[in-house]
Amino acid sequence: MDKTVSRFLRIALYVILVGTALMFILPVYVMVVNSLKPLDEIRNGNLMSLPMEWTLAPWRSAWSTAQIGVQATGLKPYFVNSFLLVIPAVVLSTLIGALNGYILTQFKMRFAHALFAAMLFSVFIPFQIVLIPMAKTLGFLGLAGTVKGLVFVNVVYGIGFTTLFFRNYYAAFPTELIRSARMDGADFFGVLLRILLPNSAPIIVVTVIWQFTNIWNEFLFGASFSDYTSFPLTVALNNLVSSSTGVKEYNVHFAGAFIAAIPTLIVYLVSGKYFVRGLMAGSVKG
Amino acid sequence: MKAGFLPKLLITPSALLVLVCVYGYIMFTIYLSFTASTLMPQYEWVGTANYVRLMGLENWSVALSNLWVFASLYIVIAMALGLTLAILIDQKVRAESGLRSVFLYPMALSFIVTGTAWKWLLDPGVGLEHTMQTLGWSNFTFGWIKDSEMAIYCVVIAAVWQTTGFVMAMFLAGLRGVDSEQINAARLDGAKSWQIYQRIIIPQLGPVFISAFVILAHMAIKSYDLVIALTNGGPGRSTWLPSVFMYQYTFTRNEMAVGAASSVLMLVAIGVVVLPYLYGEMRKVKNG
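Values in this document were obtained by computation on a predicted structure and should not be read as measured data. (Residues numbered from 1 in each chain as written. Chains lettered and ligands numbered in written order. Predicted model: local features only at pLDDT ≥ 70, side-chain atom pairs only at ≥ 80, totals over all residues. Heavy atoms only, no water.)

What follows covers the overall build of chain A. What chain A contains, in helices and strands, is 14 helices and 0 strands. Starting at the N terminus and walking to the C terminus, you meet the elements of chain A as α-α-α-α-α-α-α-α-α-α-α-α-α-α. Relative to the compact-globule value of 19 Å for 286 residues, chain A shows a C-alpha radius of gyration of 24 Å, a clear excess of over 25%. When the 286 residues of chain A are sorted by exposure, 57% land in the buried category. Put simply, of all contacts in chain A between residues at least 6 apart along the chain, 69% involve residues at least 24 apart. As displayed, chain A has an accessible area near 12500 Å², and 68% of this comes from carbon and sulfur atoms. (Helix = DSSP H or I, 4+ residues; strand = E, 2+ residues; numbered from the N terminus. Rg over C-alpha atoms; globule rule 2.2 N^0.38 Å. Buried < 20%, exposed > 50% of the residue type's maximum accessible area, 1.4 Å probe, protein only. Contact = heavy atoms within 4.5 Å. Areas by Shrake-Rupley, 256 points an atom, 1.4 Å probe, with all protein chains shown as cover.)

Take a look at the structure:
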């Protein structure tokens, strides 16, 4: 009797888990399947069914001919913008985080604790509170409406995160290693470049993935500080989907949404373990 | 080791950037909220007039009550679902890592992508309603996203879908960290699994509940992208949140001072949730 009950519970457990998993997959399945259908098949058929007539036309359109704002350029230039934004922003904020983490853990300084607390809180602020003065600053610096300006903004508001990651990692770093390097005459940069950084691969990977995902997915700064030459992909996608002119080309929108999702999905699939660690570190546990 | 000149010099740019671009800008925005700024910043002091006006604006009270509905449901559902999934996955199931990956992947997507996907799924013309009807349930209706009474619940659905996996991961880490000796002892005493969860494991997850709550609450208050992509605040203003209000008043209605005041209140709300939590975490760092 007990055995039948526990067997039944086991089956119920799997049914619930697999059912929930299917619901979690559904939106991306719908995106992909409908991006490969002609438009009238979406209107007359249903979202779940596979295409009767497979077509790549929506992808071509989303990539290179769809109307974004005033021009029919597709998402391609904005995809490029996002990379031009993400790469320098990730590299810079990671380097700054490593340097800060090193200084905050290895040197005794007045205000070090207060500084770290100030950086930590900056992670949580609603960015609405800095939009107006930042817009003025970017205008003043001549960086308004440029990708460079977005790099600057994302680096500034990424410092809190990256410093947190490296600080926690270096706080747990074996002090004997650093002490013996000092005895051997390593100076400030010697310790950082020859001892700390070469042993930082795990935290560097976590930081890079975390920053890449965050900055790639960022929208508010993009929407506030860029123009149609410097839109990041999220803003361009939103323009594509919400533009009200003409027929709603659902299949093109689905293709566009998936194009915007591909880079971070790849990062997640390739390095899910580190992605999770980044999330957990971001939740200030650790 | 005492910091010499070089470490101090090298941390100065970061410290300055944070002091100016975070705290300086916050002060500036607070200042603006007490001025008569409209399209451009102006520096004429008007006292609390903007806050008084803000409190009287129906758009603001709508945004606040929407936030209240959205945040409470979002936090409760995401935590309940996340905890349930974590407990279910903790039963030594096959393909555990595969399931975890599936539950967590939405977190890798941008809210704009999530919003776009759910916008069409929830749209009665092409989405679930249409699909169910073509499958034969001709009476099936699901038009929440077009219904100003119900649209805010669509935002909850998409937001829960996006973050539940993350909450699950937090709870799972918490479950795995519970002392196994106590569990074994209880099991030897004949306690059933659900009793063990109820009496021993879940009470020990207090810190995870708090972390999850703080993170979800601060995400709810900040929520902007998802609403923009999913409903653009509509129908009407039925899915306006304070973040949408701030953007509208500052950048399209030329009421910068009112927009600034609304962002100050957003900061205060987040501060109330986050500061006690950070204070606790910092004390742990200091003592540990």
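Another aspect to go through is the overall build of chain B. Check the secondary structure of chain B and you find 13 helices and 0 strands. Of the regular secondary structure in chain B, the N- to C-terminal order runs α-α-α-α-α-α-α-α-α-α-α-α-α. Its C-alpha atoms give chain B principal-axis dimensions of roughly 75 × 75 × 35 Å. In chain B, which comprises 288 residues, the proportion classed as buried is 55%. Across chain B, contacts joining residues at least 24 apart in sequence account for 69% of those joining residues at least 6 apart. Charge-centre separation for chain B: the mean point of 18 positive side chains lies 9 Å from the mean point of 14 negative side chains. (Lys, Arg positive; Asp, Glu negative; His and termini not counted. Charge placed at Lys NZ, Arg CZ, Asp CG, Glu CD.)

Another point: the nonpolar core. With 205 residues, the main nonpolar core has L17, I125 and Y157 of chain A together with F70, Y74, F103 and F245 of chain B as its most contacted residues. Excluding anything up to four places from it in sequence, Y157 of chain A contacts F127, V130, M134 and F221 of chain A together with C21, V22 and Y25 of chain B. (Core = buried A, V, L, I, M, F, W, Y, C linked by side-chain atoms within 4.5 Å.)

What follows covers the interface of chain B and chain A. Taken together, the contact pairs 91 residues of chain B with 89 residues of chain A. On the chain B side of the contact with chain A, M1, Y25 and W120 of chain B bury the most area, a combined 9% of that side's loss. Here chain B and chain A share 0 salt bridges between them. Our count for the chain B to chain A interface comes out at 20 residue pairs in polar contact (both at pLDDT 80 or more). Looking at the side of chain B that touches chain A, the element that brings in the most residues is helix α1 (residues 5-32) of chain B, giving 17 residues. Taken together, the residues of the side of chain B that touches chain A break down into 64 nonpolar, 17 polar and 10 charged. (Buried area = accessible area lost by both parts, 1.4 Å probe. Salt bridge = Lys/Arg side-chain N within 4 Å of Asp/Glu carboxyl O. Polar contact = N/O pair within 3.5 Å; in protein donor to acceptor, adjacent residues only side chain to side chain. Nonpolar A, V, L, I, M, F, W, Y, C, P; charged D, E, K, R; others polar.)

Let us now look at the confidence of the model for chain B. Residues and elements named next belong to chain B. The pLDDT averaged across chain B works out to 91; a share of 99% of its residues lies at or above 70. Mean pLDDT values for the elements of chain B range from 83 in helix α6 (residues 128-134) up to 96 in helix α3 (residues 58-89). For this predicted complex, the interface confidence reaches an ipTM of 0.92, while the overall pTM sits at 0.92. (pLDDT = per-residue confidence, 0-100.)

What follows covers the environment of I42 of chain A. Within the secondary structure, I42 of chain A sits in helix α2 (residues 39-44). Residue class for I42 of chain A comes out buried when judged on its relative accessible area of 2%. Separated by 35 residues in sequence, I42 of chain A and P77 of chain A have C-alpha atoms that sit 28 Å apart. Once residues lying within four places of it in the same chain are set aside, the contact partners of I42 of chain A are N34, K37, L47, Y250 and N251 of chain A together with V126 and H130 of chain B.

A word on the pattern of salt bridges. Residue and element names in this part refer to chain B. Applying the stated rule across the entire model yields 6 salt bridges over all chains. E58 is the salt-bridge partner of R237, the closest N and O atoms lying 2.9 Å from each other. Within this pair, whereas R237 is found in the loop between α11 (225-230) and α12 (242-252), its partner E58 is found in helix α3, the two being separated by 179 residues in sequence. The exposure class of R237 is partly exposed, given its relative accessible area of 28%.

This part takes up a positive patch on the surface. The grouping of R10 of chain A together with K92, R94 and R187 of chain B at the surface amounts to a positive patch. Mapping K92 of chain B onto the fold places it in the loop between α3 and α4 (96-104). Residue K92 of chain B is classed as exposed on the basis of its relative accessible area of 73%. (Patch = residues over 30% accessible without salt bridge, like charges linked within 9 Å, V, L, I, M, F, W, Y side chains within 5 Å.)

What follows concerns the packing of aromatic side chains. Residues and elements named next belong to chain A. Under the defined criterion, the tally for this structure stands at 42 aromatic pairs over all chains. Centre to centre, the rings of W59 and F258 are 5.9 Å apart; their planes meet at 70 degrees, and the pair counts as edge-to-face. Within this pair, whereas W59 is found in helix α3 (residues 57-65), its partner F258 is found in helix α14 (residues 250-282), the two being separated by 199 residues in sequence. Taking relative accessible area as the criterion, F258 reaches 15% and is therefore assigned buried. Between F161 and W210 the ring centres are 5.2 Å apart and the planes differ by 65 degrees, which places this aromatic pair in the edge-to-face class. With a gap of 49 residues between them, F161 in helix α8 (residues 159-171) and W210 in helix α11 (residues 201-217) connect regions that are remote in the sequence. Taking the relative accessible area as the measure of exposure, W210 reaches 11% and is therefore buried. (Phe/Tyr/Trp six-rings, centres within 6.5 Å; stacked < 30°, edge-to-face > 60°.)

Together, V18, L22, I25, Y29, L50 and W54 of chain A give the surface a local cluster of nonpolar side chains, amounting to about 600 Å² of exposed area. Residue class for V18 of chain A comes out partly exposed when judged on its relative accessible area of 45%.

Note: α-helices contain 3.6 residues per turn, so residues at a spacing of three or four share the same orientation. All names here are of chain B. When you tally the buried positions in α12, you get 8 out of 11 residues, the bulk of the element. Within the sequence span of α12, burial applies to P242, S243, V244, F245, M246, Y247, Y249 and T250. Residue N254 follows α12 closely and has a positive phi angle near 55 degrees.

Atom-level detail of predicted coordinates should not be read off regions where pLDDT is low. Per-residue confidence for chain A gives a mean pLDDT of 90, with 97% of residues at or over 70. The weakest mean pLDDT in chain A belongs to α2 of chain A at 84; the strongest belongs to helix α7 (residues 147-156) of chain A at 97.

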